[in-house]
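Remarks on the overall topology
Listed below are the residues making up each chain.
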Amino acid sequence: MRKKLKLGLFGFGCVGQGLYHVLNETHGSVQAEIKKVCVKNKTKERPVNDNFFTFDKDEILNNPEIDVVVELIDDARAAYEIVKTALLNGKAVITANKRMLAEHLQEIYTLQQQTGLPVLYEGAVCGSIPILRNLEEYYDNDLLNSIEGIFNGSTNYILTKVFEEKKSYADALKKAQELGFAESDPSLDVKGYDPKYKLVIAIAHTFGLFVNPEDVINIGIDKISDQDLKFARDNGYFIKLIARSFRIQDKVYGFVAPQFVEATNPLASVRNEYNAVQVQGAFAEKQLFIGKGAGSYPTGSAVLSDISALSYDYAYEYKKFHQADRFEFSNDLIVDAHVSFDDSIKISIQDFEQFQSGYAASGKQYMVGQVRLSKLREWSQQDGVGIILAQQATFTPVASAVKTEQAVA
Ligand SMILES: NC(=O)C1=CN([C@@H]2O[C@H](COP(=O)(O)OP(=O)(O)OC[C@H]3O[C@@H](n4cnc5c(N)ncnc54)[C@H](OP(=O)(O)O)[C@@H]3O)[C@@H](O)[C@H]2O)C=CC1
Ligand SMILES: N[C@@H](CC=O)C(=O)O
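Residues numbered from 1 in each chain as written. Chains lettered and ligands numbered in written order. Predicted model: local features only at pLDDT ≥ 70, side-chain atom pairs only at ≥ 80, totals over all residues.

As annotated in an unreviewed UniProt entry, the protein chain is Homoserine dehydrogenase from Dawidia soli. In its Catalytic activity (unreviewed entry) section, the UniProt record describing the protein chain reads: "L-homoserine + NADP(+) = L-aspartate 4-semialdehyde + NADPH + H(+)". On record in UniProt, under Sequence similarities (unreviewed entry), the comment for the protein chain is "Belongs to the homoserine dehydrogenase family." (UniProt positions renumbered as here; feature names shortened; annotations may be inferred.)

Right, here's the structure in full:
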């Protein structure tokens, strides 16, 4: 028997309004009713009756009639307090707040165990793509080797407009904001934080590992230059912001970085705000999910699906976390990268594990080769350094590179 759920909604912006509309469009097939919506700004005009709204969070959190809190606000710190209080007050939770989840996932897992109440968050990872429930249910017995793809709609939209339509970066970003794709602080998108938060959540459900987001390297698209775009076009490549995590023996690696991809790579044809997630299992091999990764209705539909799942008492079991395999997160990796930097910056051939080529043009230097991930993190934090991973980049654990060198010697 499906339960009829009484919802308390936090946030009535892009996603909150998307949920409101998709829930109304289901005409009762999802048995759920929004009882109250808590918002922040007292002077904002609302598209529905004012009686629907409150500015006092306790009107939802302390309301015994409400059994599910749907948290869709743009403030990760406030969201954490809402989610924690809701659980402690006996309410199930649905959230799309990837930053809050990534920063508190282990604690939220523990709170679920302690309270026996579920927290669902399909909308937090790649919008409308149903990846989390697939990782939990479909792939529960497959040994997964990697998960990677385009995890951010805004940057994919910007790259599409800049690369294919030759729009300016600033105009493309402005449009992504107007369309509701970008975060309230768009630097979270363009600097690669948002896809990193999603990757951290995906890692928990792929490898059963709770990783601190600060340990995961994120390089964004904000330093991609006209010269990089020209290089890509001249060679028949696209540039995509790729989040990836993979397992080599007992180590799990994960990072976000832009990469040159060949036109034949399936990710090259994923355009605008679409996202793509490629899962590789030991037995199923490669499978690719594509769908809208941002926007009001696509994300609203993922939240609606979580509401529907709650109506039949679905909860994540964190199956990979409970499996016997224990992995350790590591950044000790060597990758192939193109590095561009202003003349004033000190990067030399010796910084590379293996130097492949280099040249100087228009006051900038360009170097290509194999470099440690930790070096890329250091460089990515400096103004005037741009980093793009090579097409078909190889990823070599530092330990095995050292062993190979010793064997050669
Ligand atoms: N936009 C997208 O495509 C996607 C967004 N998300 C995530 O969903 C969440 C919401 O995003 P989005 O809808 O785009 O954000 P918006 O900026 O469009 O809306 C944010 C809403 O949160 C409300 N709000 C902010 N702080 C508080 C608070 N302390 N208490 C109550 N209400 C508050 C705002 O109130 P007010 O109306 O009064 O200003 C507003 O209604 C974010 O975590 C985002 O990362 C996830 C997937 C896709
Ligand atoms: N800002 C995010 C919104 C969805 O998660 C994105 O652009 O992907």
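This next bit is on the nonpolar core. Grouped together as the largest cluster of nonpolar side chains are 121 residues, with contacts concentrated most on Val68, Val70, Val83, Val200, Ile201, Ile203 and Val303. Residue contributions to this core peak at nine residues, all from helix H9 (residues 193-207). Residues from two domains meet in this core; each of domain 1 (5-124) and domain 2 (333-408) gives at least three. (Core = buried A, V, L, I, M, F, W, Y, C linked by C-beta atoms within 7 Å. Buried ≥ 20, exposed ≤ 12 C-beta atoms within 10 Å, placed from the backbone. Helix = DSSP H or I, 4+ residues; strand = E, 2+ residues; numbered from the N terminus. Domains from an automatic or database assignment.)

This next bit is on the pairing of strand E5 (residues 92-95). The alternating pattern of E5 places Ala92 and Ile94 and Val93 and Thr95 on opposite faces, both of which are buried. In terms of strand pairing, strand E4 (residues 68-71) meets E5 through four bridges, oriented parallel. What sits directly across from Val68, in E5, is Ala92. Remark: the E4/helix H3 (residues 76-88)/E5 crossover connection has right-handed handedness. (Pairing = 2+ DSSP bridges. Right-handed = clockwise from strand over helix to strand, strands pointing away.)

In terms of residue burial, strand E9 (residues 237-248) counts as a mostly covered element, since ten of its twelve residues are buried. Pairing analysis gives twelve bridges linking E9 to strand E10 (residues 251-262), with the strands arranged antiparallel. By the bridge assignment, Arg244 is partnered in E10 with Phe255. Hairpin connection from E9 to E10: two residues lie between these consecutive antiparallel strands, with Gln249 at a positive phi of about 50°.

Once that is clear, we can look at the site of ligand 2. Around ligand 2 sit Gly127, Asn152, Gly153, Ser154, Phe181, Ala182, Glu183, Asp189, Asp194, Gly293 and Ala294, and that is every residue in its neighbourhood. Looking at the shell around ligand 2 residue by residue, the class counts come to three nonpolar, five polar and three charged. (Near = placed C-beta within 6 Å. Nonpolar A, V, L, I, M, F, W, Y, C, P; charged D, E, K, R; others polar.)

Within the span of helix H7 (residues 169-178), buried status applies to Ala172, Leu173 and Ala176. Looking straight down H7, one finds that the buried residues subtend no more than 100° of arc, so they occupy a single side. Turned more than 90 degrees away from the buried face of H7, the exposed residues are Ala170 and Glu178. In the core, the buried residues of H7 are packed alongside helix H6 (153-164) and helix H8 (187-190). Looking one or two residues beyond H7, the residue adopting positive phi is Gly180, at roughly 85°. (Arc of directions from axis to C-beta. Contact = placed C-beta atoms within 7 Å.)

Look at helix H5 (residues 131-138) against H9: their axes get within 9 Å of each other, and the N-to-C directions meet at 15°. Here H5 is positioned roughly parallel relative to H9, judged by the angle of their axes. The two elements H5 and H9 meet at a crossing, and its hand is left-handed. In this structure, H5 uses Ile131, Leu132, Leu135 and Glu136 to contact H9, whose residues at the interface are Ala202, His205 and Thr206. Taken together, the residues that form the contact of H5 with H9 break down as four nonpolar, two polar and one charged. (Axes fitted to C-alpha atoms, helices over the stretch in contact; angles between N-to-C directions. Parallel < 35°, antiparallel > 145°, perpendicular 65-115°, else oblique. Left-handed = near helix turned anticlockwise from the far one by under 90°.)

Turning to the UniProt feature "domain: Homoserine dehydrogenase catalytic" (unreviewed entry) in the protein chain, a few remarks are in order. Under the UniProt annotation, the feature "domain: Homoserine dehydrogenase catalytic" (unreviewed entry) is placed at residues 130-307. As annotated, residues 130-307 has a helix share of 40% and a strand share of 28%, and its two end C-alpha atoms lie 14 Å apart.

Moving on, we come to the site of ligand 1. Looking at ligand 1, there are 30 residues lining it, with Gly11, Gly13, Cys14, Asn41 and Ala294 nearest. If one sorts the elements of the shell around ligand 1 by residue count, helix H1 (residues 14-25) sits on top with three residues.

When the parts of a complex come together, some accessible area is lost, and that lost area is often used as the size of the interface. Per the domain assignment, the segments making up the protein chain are domain 1 (5-124) and domain 2 (333-408). For domain 1 and domain 2, the distance between their C-alpha centroids amounts to 44 Å.

Let's shift gears to unusual backbone geometry. The phi torsion of most residues other than glycine is negative, and most of the peptide bonds are trans. Phi at Glu285 takes a positive value of approximately 60°, unusual for a residue other than glycine. In this fold, Glu285 is placed in strand E12 (residues 285-292). A positive phi angle, near 50°, is found at Gln392, a position not held by glycine. If you trace the backbone, Gln392 turns up in the loop between strand E17 (385-389) and strand E18 (395-397).

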